Amino acid sequence: MRLPFRTNLSIAFAATALLWGMTLGSAQAEIYGAKQTTLDNGMQVVVVENHRAPVVTHMVWYRVGAMDEPAGKSGIAHFLEHLMFKGTDTVGPGEFSATVARNGGQDNAFTSQDYTAYFQSVASDRLEMVMKLESDRMAHLKIAEDQFIPEKQVVLEERSMRTDNDPGSILQEQASSAFYRNHPYAIPVIGWRHEIEGLQLQDAVNFYKTFYTPNNAILVVSGDVEAEKVFDLARKYYGTIPARTLPDRPDLREPPLLVSSRVTYRDDRVRQPSLSIRKQAPSWTQADNKADSYALEVLSQILGGNSTSRLYRSLVIDQGIAVSTGSWYDGDGRGPGMMGLYVSPAQGVSLDKAEAALRAEVAVLLKDGVTQDEVTRAITRIQDSAATARDSLSGPAMNIGRALAVGFNLDDVETWPDKIGQVTVDQVNTVAQRVLAAPGEVVNILLPKSDTEATQ
Amino acid sequence: MRQARPQTSSAAAVKTGLPPRLVMLFAFAALILLMALRPAFAEVKVEEVVSPGGIKAWLVRDETVPVTAIEFSFKGGGAGHDKPGKEGTARLTAGTIDEGAGPYDSKAFQGMLSDKSITVSFSAGTDTFSGSFYTLNRYRDEAVNLLSLALTEPRFDDEPVERVRSQILIGLKQSQTDPDTIASKAMAETIFKDHPYGRPDEGTLTSVPKITVADMKSYMAEALTLDKLKIGVVGAITPKELGPMLDKIFGKLPKTGAPDKIPAFTNKTPGGTAVIDMDVPQSTILFAQPGLSIDDPRYYTGMVMNYVLGGGSFSSVLTDEIRVKRGLAYSVYSYLQPMDHAALLRGGAGTQNARVGETIDLVKVFSDFKKNGLNADMVADAKTYITGSFPLRFTNSSRIASQLESMQYYGFSIDYFETRNSLIEAVTLDDVNALAKDLLDPDALTFVVVGKPKDVEATLPTPGG
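Small disclaimer: the values here were computed from a predicted structure and weren't measured. (Residues numbered from 1 in each chain as written. Chains lettered and ligands numbered in written order. Predicted model: local features only at pLDDT ≥ 70, side-chain atom pairs only at ≥ 80, totals over all residues.)

Trainee: Teacher, can you tell me more about the overall build of chain A here?
Mentor: Broken down by element type, chain A carries 19 helices and 11 strands. Taken over the C-alpha trace, chain A has a radius of gyration of 23 Å; the compact-globule value for 456 residues is 23 Å, and the two agree within 12%. Expressed as lengths along the three principal axes of its C-alpha atoms, the size of chain A is roughly 65 × 50 × 40 Å. Taken over 456 residues, chain A has a buried fraction of 60%. (Helix = DSSP H or I, 4+ residues; strand = E, 2+ residues; numbered from the N terminus. Rg over C-alpha atoms; globule rule 2.2 N^0.38 Å. Buried ≥ 20, exposed ≤ 12 C-beta atoms within 10 Å, placed from the backbone.)

Listed below in structure tokens is the structure:
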């Protein structure tokens, strides 16, 4: 059964698993058989050959995201991403996408806290064309003021659509600073409205000049290509762009979360109350022991990965207390990690009761631990999905790019499923104690304006 | 891919807030409903396979990954069969037949799917009931058995039926405050009124509680029948293996059931503007006017015309005027929606309340093309995009299978992938301009606005009011 809201949740909260697990796992030694090189200017190049259809996905990832923004300039990483379509010394505004489309290609770009990526999918004989265009805007961006002004309105409308029109997003944005007290993850990727309004063209130019340099970039090409030929083209187009010195970027860590806080948002658009609990957890990048990160992935699968996991079976099926529930592990960023649990009560059940049931299920896990059978099944599920990782054109480029952008090396990616396969019951129980038994937490609570609406 | 399936409910998620890092903001809104069918290239070989029991499927063999993907539909077997007062029956059925079947209760059934990473899932629109199947070949026998059981021996045990029912009801409640869902439903009501396309496929807060297991069983008997079945298969599988598999999965279904009950909708869209008041910073604007049915000989011309007007995500008239030049919206788009018994040209945008009137006026500029025709370069670019991007549709198994299913759904010939581009290439500027002159209809252009728009006069009654 796939309901829109349940599916959305599972997509959202499975995202971590999706990045690493569901699409990366494999029982084989290597998932992608990717080939790599590094250009003289420091730009990394990775190629995944897949000759199924005469098409290719070309992606450039920059190791820069919203977390790298200067104070007071929130939203500039994302705004710059929009402006990257507004022309260079030789390519007019909008001409980049128009050229790609005219050649039967599709292009887009996205920004997160950790990275910014630009991609095109196109017939493989047009690879050189998109490489020429993409390398051009790595070095020669030129934005006119008359392009900047309406684009700021576009970004503000995007903010309205994604955040201000949606109570759940408002809560998330408001609650982030309770969880991240030291790391810029506290600030939304889209930016605060008042700061977006104040952004100047020069802010975008400064950000571009600071971070858009080949030694801060990764090229990933997947599809109907030969690696050596891609390397040659990369040398020709990207290899000639001089590297620039990058600023030192602090490896910001969160201090231990010792307090428990509840952040409540009421909105009369809310018809269904819900609650989520966030706990500090080591990310892969910041973990002293990487094995903890793999164990957390397995733990999250067992506790709340899908509709066969402990939380859903207990709260939704057996007790009928919740309409949806689950957990997620968010451990694949450049910054700190998180483990989360969520629940939304069934009709006529109070949010308090649903929260108590959620906590009771966690308590059972902490008391009795997970079983060998559960660990084995979770590992199999993650690894099986890997066998299908190549059943996609852009999927491999997405997964590899994302991994390298946050600090994995290619070997970490290719052997990820093996590492998952080594996770033991003891490791899962140990990280469960460490993460879930810790008293510090932030609870996000979404409620209707009046209590009567919730139980109607 | 198929736009015919009328809008699924976009009930807002039970959003507890995602971790901020999972948020990825894209430069352009993704346009899923861009085109009806983009063809593949000649290298994709489509075979017709007929099972020993006489069940037909179209197959593309592909050894890239050791999987089998099946996409299938029952054409004319959707929510059109919902009895009055029992709206949502097809949807509830789609949500419950994978929650226990044959000897397996819900937990056992879902547990097997999960343990083996098997996809067996169903969905229902007004016109059709659809299924998706995806499995690694090493689990294929078990997966086939589960799919077969779901289609022919669903248990409808109390617990899963009531659980899924309550999830649908909560989704419906939530969607009451989601501007996009409200707008979409209001548009359906405004255009189709009492016609089945005006009814909510997912049911209502009063209808969903009334649906019984007997209703679902009788729905299945009349709708999920072999005479309506279209099947596309892709993967590492031979025709010899596929034949018996088709019989195993579908062989026990009834040969015939009740015919499609949805009458043809021939009225025009009413024209004018309906406004639904909602306290949000950004108004959702939807628009619609008559479109082209899939078997209209001008359909390909229509695809080219729509791409120029608002189909191209980056370079269309609407994007240029509304987003690029004026910054009025992040997302603005149009698309052709050919349903089985009606056809629309639709679109939408999200704009701050103060500038809704201006945005609506810019959409109305559509009508200028009726008189003046379209720009020749833009028409040429549309054709190279639509033809040149076709191989991008052939990069994963389920997506190819879905196209095989759609080809049969629409009655295309088996060599369609090879002939498709020539149909687009044959479209001339004169064809597009003649179509614009004939089809674009300022009097029938209908807007629905949800929000607090300024300076917008409602000329149509408030739907659902």
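Trainee: It is not clear to me how the overall build of chain B should be interpreted in this structure. Could you clarify?
Mentor: Check the secondary structure of chain B and you find 15 helices and 12 strands. Here the C-alpha radius of gyration of chain B, 23 Å, is about what a compact globule of 465 residues would show, namely 23 Å. Going through the 465 residues of chain B one by one, you find that 60% of them count as buried. Residue pairs at least 24 apart in sequence account for 85% of intrachain contacts in chain B once pairs closer than 6 positions are excluded. (Contact = placed C-beta atoms within 7 Å.)

Trainee: What exactly am I supposed to notice about the domain arrangement of chain B here?
Mentor: The accessible area lost on association of the parts is a frequent measure of interface size. Residues and elements named next belong to chain B. Entries for chain B in the domain assignment read domain 1 (44-250) and domain 2 (272-451). Of note, the centres of domain 1 and domain 2, computed from C-alpha atoms alone, are 29 Å apart. Domain 1 puts 33 residues into the contact, and the matching count from domain 2 is 28 residues. Counting residues per element, the ones that place at least two in the side of domain 1 that touches domain 2 are strand 3 (56-61), strand 4 (67-75), strand 6 (128-136), helix 5 (179-192) and strand 7 (229-235). Sort the elements by how many residues they give to the side of domain 1 that touches domain 2 and helix 5 lands first, with nine residues. Broken down by class, the residue content of the side of domain 1 that touches domain 2 amounts to 19 nonpolar, seven polar and seven charged. (Domains from an automatic or database assignment. Nonpolar A, V, L, I, M, F, W, Y, C, P; charged D, E, K, R; others polar.)

Trainee: How should the sheet that holds strand 4 of chain B be read in this particular structure?
Mentor: Strands in a sheet are paired, the pairing made by backbone hydrogen bonds, and the direction either parallel or antiparallel. Residue and element names in this part refer to chain B. Pairing is mixed in the open sheet, where six strands are placed in the order 2-3-7-4-6-5. Across the chains shown, the open sheet's two edge strands, defined by having one partner strand only, are strand 2 (47-50) and strand 5 (119-124). Mean inter-strand twist for the sheet, computed between neighbouring axes without regard to direction, equals 20°. Here strand 5 pairs with strand 6 via six bridges, running antiparallel. (Pairing = 2+ DSSP bridges. Axes fitted to C-alpha atoms, helices over the stretch in contact; angles between N-to-C directions.)

Trainee: Explain the pairing of strand 9 (residues 322-330) of chain A to me, please; I cannot follow it from the model alone.
Mentor: Successive residues of a regular strand alternate their side chains across the two faces of the sheet. Residue and element names in this part refer to chain A. Counting buried positions along strand 9 gives nine out of nine residues, so the element sits mostly inside the fold. Here strand 9 pairs with strand 10 (residues 337-345) via eight bridges, running antiparallel. In the sheet register, threonine 325 faces strand 10, and the bridge partner there is valine 343. Where strand 9 folds back onto strand 10 in an antiparallel hairpin, the turn is made up of six residues.

Trainee: How do you make sense of the sheet that holds strand 8 (residues 272-277) of chain B when you look at a structure like this?
Mentor: Residue and element names in this part refer to chain B. If you trace the five strands from one edge of the open sheet to the other, you get 8-12-9-11-10, paired in mixed fashion. The open sheet has two edge strands with one neighbour each: strand 8 and strand 10 (332-338). Looking at each pair of strands side by side, their axes are set apart by 15° on average, direction ignored. Here strand 9 (residues 282-290) runs beside strand 11 (residues 343-352); their pairing, made up of nine bridges, is antiparallel. Residue pairing across strands places glutamine 289 opposite leucine 345, the latter belonging to strand 11. Seen against the sheet, helix 8 (residues 299-311) touches strand 10 and strand 11 and runs at an angle of roughly 155° to strand 10.

Trainee: Help me understand the pairing of strand 10 of chain B, please; the structure alone is not making it clear to me.
Mentor: Residue and element names in this part refer to chain B. Taking burial as the measure, the seven residues of strand 10 include seven buried ones, the bulk of the element. Burial along strand 10 is two-sided: Val332, Ser334, Leu336 and Pro338 facing one way and Tyr333, Tyr335 and Gln337 facing the other are all buried. Alignment of strand 10 against strand 11, held across seven bridges, turns out to be antiparallel. Considered in strand 11, the bridge of leucine 336 is made with leucine 345. Here strand 10 hands over to strand 11 after four residues, the two strands then running antiparallel side by side.

Trainee: Quick question: what am I supposed to make of the packing of helix 8 of chain B against helix 15 (residues 429-439) of chain B here?
Mentor: A pair of packed helices is characterised by two quantities: the angle between their axes and the separation of those axes. All names here are of chain B. Here helix 8 crosses helix 15 at 85°, and the two axes come no closer than 9 Å. Here helix 15 runs roughly perpendicular to helix 8, going by the angle between their axes. Where helix 8 approaches helix 15, its residues Thr301, Gly302, Val304 and Met305 are matched on the opposing element by Asp431, Val432, Leu435 and Ala436. Taken together, the residues of the contact of helix 8 with helix 15 break down into five nonpolar, two polar and one charged. (Parallel < 35°, antiparallel > 145°, perpendicular 65-115°, else oblique.)

Trainee: So what exactly am I meant to see when it comes to the interface of chain B and chain A here?
Mentor: With 79 residues of chain B at the contact, the number on the chain A side is 93 residues. If you list the elements that add at least two residues to the side of chain B that touches chain A, you get strand 1 (25-26), helix 1 (89-96), helix 2 (106-115), helix 4 (158-175), helix 9 (317-324), strand 11 and helix 12 (376-388) of chain B. Element by element, the count of residues in the side of chain B that touches chain A is highest for helix 4 of chain B, at 10 residues. Its residues placed into classes, the side of chain B that touches chain A shows 32 nonpolar, 33 polar and 14 charged. Here strand 4 (residues 106-111) of chain A runs beside strand 1 of chain B; their pairing, made up of two bridges, is antiparallel. Considered in strand 1 of chain B, the bridge of threonine 111 of chain A is made with leucine 25 of chain B.

Trainee: Could you clarify how one ought to interpret the domain arrangement of chain A in this entry?
Mentor: Residues and elements named next belong to chain A. As far as domains go, chain A holds domain 1 (42-237) and domain 2 (260-455). Residue contributions to the side of domain 1 that touches domain 2 peak at nine residues, all from helix 7 (residues 167-179). Each residue belonging to the side of domain 1 that touches domain 2 can be placed in one class, and the counts come to 19 nonpolar, 11 polar and two charged.

Trainee: Explanation requested: the packing of helix 6 (residues 145-164) of chain A against helix 7 of chain A in the structure shown.
Mentor: All names here are of chain A. Their axes nearest at 7 Å, the elements helix 6 and helix 7 cross at an angle of 95°. By the angle between their axes, helix 6 is roughly perpendicular relative to helix 7. Facing helix 6, whose interface residues are Arg162, Thr163 and Asp164, helix 7 presents Ser169, Ile170 and Glu173. Residues of the contact of helix 6 with helix 7, tallied by class, amount to one nonpolar, two polar and three charged.

Trainee: Which parts of the structure should I look at to understand helix 5 (residues 127-139) of chain A?
Mentor: Residues spaced three or four apart along an α-helix face the same direction, because each turn holds 3.6 residues. Along its 13 residues, helix 5 of chain A runs 19 Å from first to last C-alpha, staying within 8% of the 18 Å computed at 1.5 Å per residue. Every buried residue of helix 5 of chain A is accounted for by Leu127, Val130, Met131, Leu133, Glu134, Ser135, Arg137 and Met138 of chain A. (Expected span 1.5 Å × (residues − 1).)

Trainee: Can you help me understand the nonpolar core in this one?
Mentor: In globular proteins that are soluble, nonpolar side chains generally tend to be buried together. Of all hydrophobic cores here, the largest spans 269 residues; its most connected members are Trp61, Leu219, Val298 and Ile400 of chain A together with Val304 of chain B. No other element matches helix 8 of chain B, which puts eight residues into this core. Once you skip the residues sitting within four places of it in the chain, valine 304 of chain B turns out to touch Val379, Ala382, Lys383, Ile386, Ile424, Val427 and Val432 of chain B. (Core = buried A, V, L, I, M, F, W, Y, C linked by C-beta atoms within 7 Å.)

Trainee: When you look at the confidence of the model for chain A in this model, what are you seeing that I'm missing?
Mentor: Caution applies to low-pLDDT regions: their predicted coordinates should not be interpreted in detail. Overall, the prediction assigns chain A a mean pLDDT of 91, with 92% of residues at 70 or greater. Counting interchain partners and residues more than four positions distant, the pLDDT-below-50 stretch residues 1-28 of chain A has 87 contacts. (pLDDT = per-residue confidence, 0-100.)

Trainee: I keep staring at the confidence of the model for chain B and nothing clicks. Help me out?
Mentor: All names here are of chain B. Overall, the prediction assigns chain B a mean pLDDT of 90, with 92% of residues at 70 or greater. Segment residues 1-21: pLDDT under 50, and 92 contacts once partners within four positions in sequence are set aside and those in other chains are kept. Here residues 31-40 is modelled with pLDDT under 50, and outside its nearest four sequence neighbours on either side it reaches 31 contacts, counting other chains as well.

Trainee: Just checking my understanding: could you explain the environment of threonine 128 of chain B for this structure?
Mentor: Within the fold, threonine 128 of chain B resides in strand 6. Remark: the alpha-carbon pair of threonine 128 of chain B and glycine 80 of chain B, spanning 48 residues in sequence, is separated by 8.2 Å.

Trainee: So what exactly am I meant to see when it comes to unusual backbone geometry here?
Mentor: Excluding glycine, residues mostly have negative phi values, and the peptide bonds linking residues are mostly trans. Residue and element names in this part refer to chain B. We note that phenylalanine 156 has phi near 50°; this positive angle belongs to a residue other than glycine. Among the structural elements, phenylalanine 156 can be located in the loop between helix 3 (140-152) and helix 4. Accessibility expressed as a C-beta count within 10 Å gives 18 for phenylalanine 156, which makes it partly exposed. Look at aspartate 455: it is not a glycine, yet its phi comes out positive at around 55°. Here aspartate 455 lies in the segment after strand 12 (446-451). Exposure remark for aspartate 455: the 11 C-beta atoms within 10 Å place this residue in the exposed category.

Trainee: Even after reading the chapter, I still don't get helix 7 (residues 239-250) of chain B, so can you show me in this structure?
Mentor: Residues and elements named next belong to chain B. Helix length check: helix 7 (12 residues) gives 16 Å between terminal C-alpha atoms against 16 Å at 1.5 Å per residue, within 8%. Among the residues of helix 7, those classed as buried are Leu242, Met245, Leu246, Ile249 and Phe250. An end-on view of helix 7 places all buried positions within 110° of arc, on one side of the element. Taken together, the buried residues of helix 7 touch strand 2, strand 3, helix 3 and strand 7. (Arc of directions from axis to C-beta.)

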